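Survey of secondary and tertiary structure
For reference, the chains in residue letters:
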Amino acid sequence: MRNPSTTQGTRRVDAGSTFLRGTSISAVCLVTVAALARGPAMYAQTPGSVTSDGWRQAEAGYDLQFPRDHGSHPGYRIEWWYYTGNLAAEDGRRFGYQVTFFRAGVDPAPKNPSRWAVRDLFMAHLAVTDMSRARHLVAERLDRGGVGWAGAREGTLSVWNGDWRVDLVGETHQLVAVDRQFGVDLSLEPGKGAIPHGERGLSRKGVEPGNASYYYSMTRMPTSGHLVLDGETISVTGASWMDHEFGTTFLEPSQVGWDWFSLQLDDGSDLMVFRIRRDDGGRDSPLAGTWVDADAEITVLSGDDVTLEPGRRWTSPASEAVYPVEWRLAVPVQLTELRIEAVIDTQELDTRASTGVTYWEGAVTVSGRVGDRTVKGRGYLEMTGYAGQPMSEVFR
């Protein structure tokens, strides 16, 4: 949907930014939120490969278990908890939302025993898309963990940055992130449960050993609660998607960014697809996905199973990045052809005050066919590496 007149409202929460001094910017960009290590008993694998600076590598053999793996994994350098969703009010107004918590490991074993020593940096992003008014609101935070301003527990879901937080209460994810005049206070039910991607949760991003992450999603979480907009508290219901990913090295030098899709179809099927783009535009770039049917049966998709073609593009007046905001996606093994369209074009996030990254992430609509059935749906699309430095440098 074209909407050239929309504008993005951005407010930066810059608490703790002075702690970036002396720290490589690539160590704090688009990464994660956590706390101090409690020891190897928290892990379901024996210690494997470790980088020269002391971080563990993602490799085959890790056994995802829950609720343990909803929690933090401080032995790995990079971790994030991503929540996105499409919500509706009783009066028919529609909204999208994104709340993301990041942890970026700086030093796995600081020599300074002070709790002020920087082991991890913690970032958080909040965005609300107001579809009826064609606007996108953004806020961000940056904090440190040792003094309790931000962090994440091991063994269960409890992640926070200031008063933004998500906690596991029974099986419900309680998510709260409000920035003055906008935000969310939501309860997310588990739905289909945790869905591992790739090889039993090991998602490979490149050919070099260790360039991978442990990755699972909760693809269709029934959601209810309240959305705050311009100080108004609005009752909402809808469906959310949760991603949790952790690892240490992700991308190779030639990989500049990625396009990631999380789609919920009205036949009960869910689809995750990502493509990692190369600097030469090569079509042999990594592409993978997961199809989850209405009964939570999983089909792992390789690059040979998916075709992905960008369509109409939008140029950001702020960053001058050019983003594809319409896509064609086909999964022949599922007899599926889909058209994906941004609900509004202006869903770019300038988060240079926290993660150092400008990227596009926003609500989308879906239409197409699965077999002989016409389907519609909603979802979220993330596009990185179109503005600023390549993501391979961010994760270096």
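See the structure above.
Here's a quick rundown of the structure. (Residues numbered from 1 in each chain as written. Predicted model: local features only at pLDDT ≥ 70, side-chain atom pairs only at ≥ 80, totals over all residues. Heavy atoms only, no water.)

On to empty space enclosed by the protein. Across all of its chains, the model carries three cavities of 30 Å³ or more by this definition. Here the second largest cavity defines a volume of roughly 50 Å³. What lines the second largest cavity is T84, G85, N86, A239, S240, W241, S262, Q264, G379 and Y380. Residue assignment for the lining of the second largest cavity shows that the elements contributing at least two residues are β2 (78–89), β14 (232–247), β15 (255–265) and β26 (373–383). Across the lining of the second largest cavity, the residue classes break down as three nonpolar, seven polar and no charged. (1 Å grid on protein atoms, 1.4 Å probe; cavity = no way out; pocket = protein on both sides within 12 Å on 5 of 7 lines; lining within 4 Å. Points joined across faces, edges and corners; volume = space filled by probe spheres on them. Helix = DSSP H or I, 4+ residues; strand = E, 2+ residues; numbered from the N terminus. Nonpolar A, V, L, I, M, F, W, Y, C, P; charged D, E, K, R; others polar.)

In this structure, G289 sits in strand β17 (residues 287–292). Separated by 86 residues in the primary sequence, G289 and S203 have C-alpha atoms spaced 9.6 Å apart.

Turning next to the pattern of salt bridges. This structure, assessed with the given rule, holds 23 salt bridges. A salt bridge links R68 to D69; its shortest N-O distance comes to 2.6 Å. Judged on exposure class, the residue R68 and its partner D69 are both buried. A salt bridge links R275 to D259; its shortest N-O distance comes to 2.8 Å. Here D259 lies in strand β15 and R275 lies in strand β16 (residues 270–278), a separation of 16 residues in the sequence. Each member of the pair, R275 together with D259, is buried. Members of the salt-bridge network, linked through shared partners, are R312, E326, R339, E341 and D345. (Salt bridge = Lys/Arg side-chain N within 4 Å of Asp/Glu carboxyl O. Buried < 20%, exposed > 50% of the residue type's maximum accessible area, 1.4 Å probe, protein only.)

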